[in-house]
Amino acid sequence: MLILVTGGAASGKSEHAERLVCEKAQSRLYLATMQPFGKSAEARIARHRALRAGKGFATVERTLDLANLRLSRQYDGILLEDLGNLLANELFAPEGAGAGSAFDSIVAGVDNLQKYCETLVIVSNEIFADGVPYPPETMQYIRILGELHQKLTGKADAVYESVCGILLPVKEEKQP
Amino acid sequence: MTVLIIGGAYQGKRKVAENLYADLPRIENLHEIVRKMLKEDKDPLSLADTLCGHVITCDEIGCGIVPIDRADENWREAVGRLCCALAQKADAVVRVIAGVPQFIKGEKP
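Residues numbered from 1 in each chain as written. Chains lettered and ligands numbered in written order. Predicted model: local features only at pLDDT ≥ 70, side-chain atom pairs only at ≥ 80, totals over all residues. Heavy atoms only, no water.

(A) Representation of the environment of A22 of chain B within the structure. Mapped onto the elements of the fold, A22 of chain B is located in the loop between α1 (13-20) and β2 (26-27). Exposure remark for A22 of chain B: the relative accessible area of 63% places this residue in the exposed category. (Helix = DSSP H or I, 4+ residues; strand = E, 2+ residues; numbered from the N terminus. Buried < 20%, exposed > 50% of the residue type's maximum accessible area, 1.4 Å probe, protein only.)

(B) Expanded view of the packing of aromatic side chains. All names here are of chain A. Applying the stated criterion across every chain, the model contains 2 aromatic pairs over all chains. Considering the side-chain rings of Y30 and F57, the 6.4 Å spacing of their centres and the 85° angle between planes classify their relative orientation as edge-to-face. Of this pair, Y30 sits in strand β2 (residues 28-32) while F57 sits in strand β3 (residues 57-61); the two residues are 27 residues apart in sequence, bridging distant segments of the chain. Assessed through its relative accessible area of 13%, F57 is described here as buried. With a centroid separation of 6.1 Å and 35° between ring planes, the pair formed by F92 and Y141 is classed as tilted. With F92 in helix α3 (residues 83-92) and Y141 in helix α5 (residues 136-155), the pair connects residues that are 49 residues apart, well separated along the chain. Judged by its relative accessible area of 48%, F92 is partly exposed. Of the residues examined, Y141 reaches a relative accessible area of 11% and is grouped as buried. (Phe/Tyr/Trp six-rings, centres within 6.5 Å; stacked < 30°, edge-to-face > 60°.)

Shown next as structure tokens:
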């Protein structure tokens, strides 16, 4: 099962994504994509660590190239946090896939992760509505993230948007 | 009763507040209040308690690229966290798009 949880900044999306994994999975892996550079990233990582504490997540840090990630075991659930960082790393880090391959690399990475789990929950970011014109590299980043959302929503069993901590269905899980 | 009304800029949030919750005291433009408080080194999260009993309007400002300016980033984060806290306490949360209220928590009065 694939679930996408998107939302704006500080909208409660991580909390919901964690809860969804905990509801559906006994053995849980947290796959962290953020590069721990800068005060803001450190604060964010510390906050997410505190949220996860005591919830029984194993943690793997992997900032790039999920398609070639090999895990030592299967998990009931994997929480991938988050797509926005992963794409930024693929586009802007020196060892990243680059603009020509980032989309395909990430889609292949999601396919790869699904081989290791029953339930994959992906956290992503709604970054599409500030109406600000940005330099071309940033516009390209926004475009590719939007395309990834469309692609992954096509594959996903459920897609949610977190708004003020309230989880709104965009695409709903079919009840068996 | 506490009501949080959110939405993008110029979507008709005030009109929804006036039409549906005329009897509640109104706090408008919460995002600007938060900005002012941060400039004065005050913690905006304290508003989560003091604003109970009001109808509150706030712009949704979190759906863009991470701001370059650290103060802007902190502001965006603070508005988001405060709205999550208020939404949890609120009897109703209304998202206004093109003047149309969607009740994402609670029901239309």
